[in-house]
Amino acid sequence: FIHDFPLKNGLTIVEEFYQEKKQKLSQEVQSLLKYEMASYLGVYEVISVTAEVGLRLKDLFTGEEMDVLEVKGSMTMVKWDIIFARVIRMEAVNKFSGMITLIPIRSKGNVLSSIKNAWEEFKTETGKLDWSHFAKSNAQIIHHVIEDQSLKEPIFVTEEHHKIFSCKAVFEVKKFETIRYRLSK
């Protein structure tokens, strides 16, 4: 939200903060804020994981591959995970910022197709062709596309293609020892 949503003045919260405070900020903080302002959310596939160091990601819309320093993420994510995340690109170092959303592998095709359709519409309406322009101005839409994908539960069938229903029966046992004795025979 603070990186992408434009306020009435057309600036995001981070951009407005930078404009108002840059005279009082150190060069290091100014540099970090510039990297934050240039960042956008993306959909990535985890290509490889180096435990306790980071991840190699592939942007599924630009094809770009990058290394991201992320100790905790390297302990929980695995190769082929699909994620929606903000990567802050700081010259030779890339890091995640904010929340990371895991996209269920079963939803990958639908999610990517829906986002691609929205991006194509955006390109036609605005003339802006870069993924970064679309992602920055449509982060909420992308997030909702991901969250709104209904997961289809698997349907189990017999060899004759009849549905199998899973059931559970609960019995109240008044004389446990009698039941135990009868079941042991």
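Not measured: the values here are computed from a predicted model.

Participant: So what exactly am I meant to see when it comes to the side chain of Asp81 here?
Facilitator: With respect to the helices, strands and loops of the structure, Asp81 is situated in the loop between helix H3 (71-76) and strand E4 (82-90). Within the structure, the side chain of Asp81 is placed 3.0 Å from the backbone nitrogen of Val78, a separation counted as a polar contact. Setting aside residues up to four positions removed in sequence, Asp81 forms contacts with Tyr44, Glu45, Val46, Thr76 and Leu102.

Participant: Help me out: how do you make sense of the pattern of salt bridges in this one?
Facilitator: Pairs may arise between side chains of opposite charge once their charged atoms sit close together. Considering all chains together, one arrives at 5 salt bridges under this definition. Where Asp67 meets Arg56, a salt bridge forms, and the shortest distance between an N and an O atom there is 3.1 Å. Taken together, the residues Asp67 in strand E3 (residues 65-69) and Arg56 in strand E2 (residues 54-59) connect sequence positions 11 residues apart. One continuous salt-bridge network, built from bridges that share partners, spans Arg56, Glu65 and Asp67.

Participant: What should I look at first to understand the nonpolar core in this one?
Facilitator: Core analysis: the largest hydrophobic core is formed by 19 residues, its most contacted members being Val43, Ile115, Trp131 and Ile142. Mapped by element, the contributors of at least two residues to this core are strand E1 (41-50), E4, helix H4 (108-126), helix H5 (131-137) and helix H6 (139-147). Broken down by element, this core gets its largest block of residues, 5 residues, from H4. Beyond its immediate stretch of four places on either side in the chain, Val43 contacts Lys58, Asp59, Leu60, Phe61, Ile82, Ile83, Phe84, Ile103, Leu112 and Ile115. Among the nonpolar cores identified, the runner-up in size contains 11 residues, and Tyr44, Met66, Val68 and Ala85 belong to it.

Participant: Looking at this structure, I do not really get helix H1 (residues 13-21). What am I missing?
Facilitator: Think of an α-helix as 3.6 residues a turn; residues three or four steps apart then line up on the same face. For H1, the set of buried residues is Val14, Glu15 and Tyr18. For H1, the angular spread of buried residues about the axis comes to 100°, placing them on one side. Buried residues along H1 sit in contact with helix H2 (27-38).

Participant: Whenever I open this one, the packing of H1 against H2 confuses me. Can you help?
Facilitator: Angle between the axes and distance between the axes are the two parameters that describe a pair of packed helices. Viewed as axis vectors pointing N to C, H1 and H2 meet at an angle of 150°, and their least axial separation amounts to 10 Å. By the angle between their directions, the pair H1 and H2 is classed as roughly antiparallel. Crossing geometry of H1 relative to H2 is assigned as left-handed. Contacts between H1 and H2 involve Val14, Glu15, Phe17 and Tyr18 on the former and, on the latter, Gln30, Leu33, Lys34, Glu36 and Met37. Among the residues making up the contact of H1 with H2, the classes are represented as 5 nonpolar, 1 polar and 3 charged.

Rules behind the numbers
Residues numbered from 1 in each chain as written. Predicted model: local features only at pLDDT ≥ 70, side-chain atom pairs only at ≥ 80, totals over all residues. Heavy atoms only, no water. Helix = DSSP H or I, 4+ residues; strand = E, 2+ residues; numbered from the N terminus. Polar contact = N/O pair within 3.5 Å; in protein donor to acceptor, adjacent residues only side chain to side chain. Contact = heavy atoms within 4.5 Å. Salt bridge = Lys/Arg side-chain N within 4 Å of Asp/Glu carboxyl O. Core = buried A, V, L, I, M, F, W, Y, C linked by side-chain atoms within 4.5 Å. Buried < 20%, exposed > 50% of the residue type's maximum accessible area, 1.4 Å probe, protein only. Arc of directions from axis to C-beta. Axes fitted to C-alpha atoms, helices over the stretch in contact; angles between N-to-C directions. Parallel < 35°, antiparallel > 145°, perpendicular 65-115°, else oblique. Left-handed = near helix turned anticlockwise from the far one by under 90°. Nonpolar A, V, L, I, M, F, W, Y, C, P; charged D, E, K, R; others polar.

These figures capture arrangement, not role.
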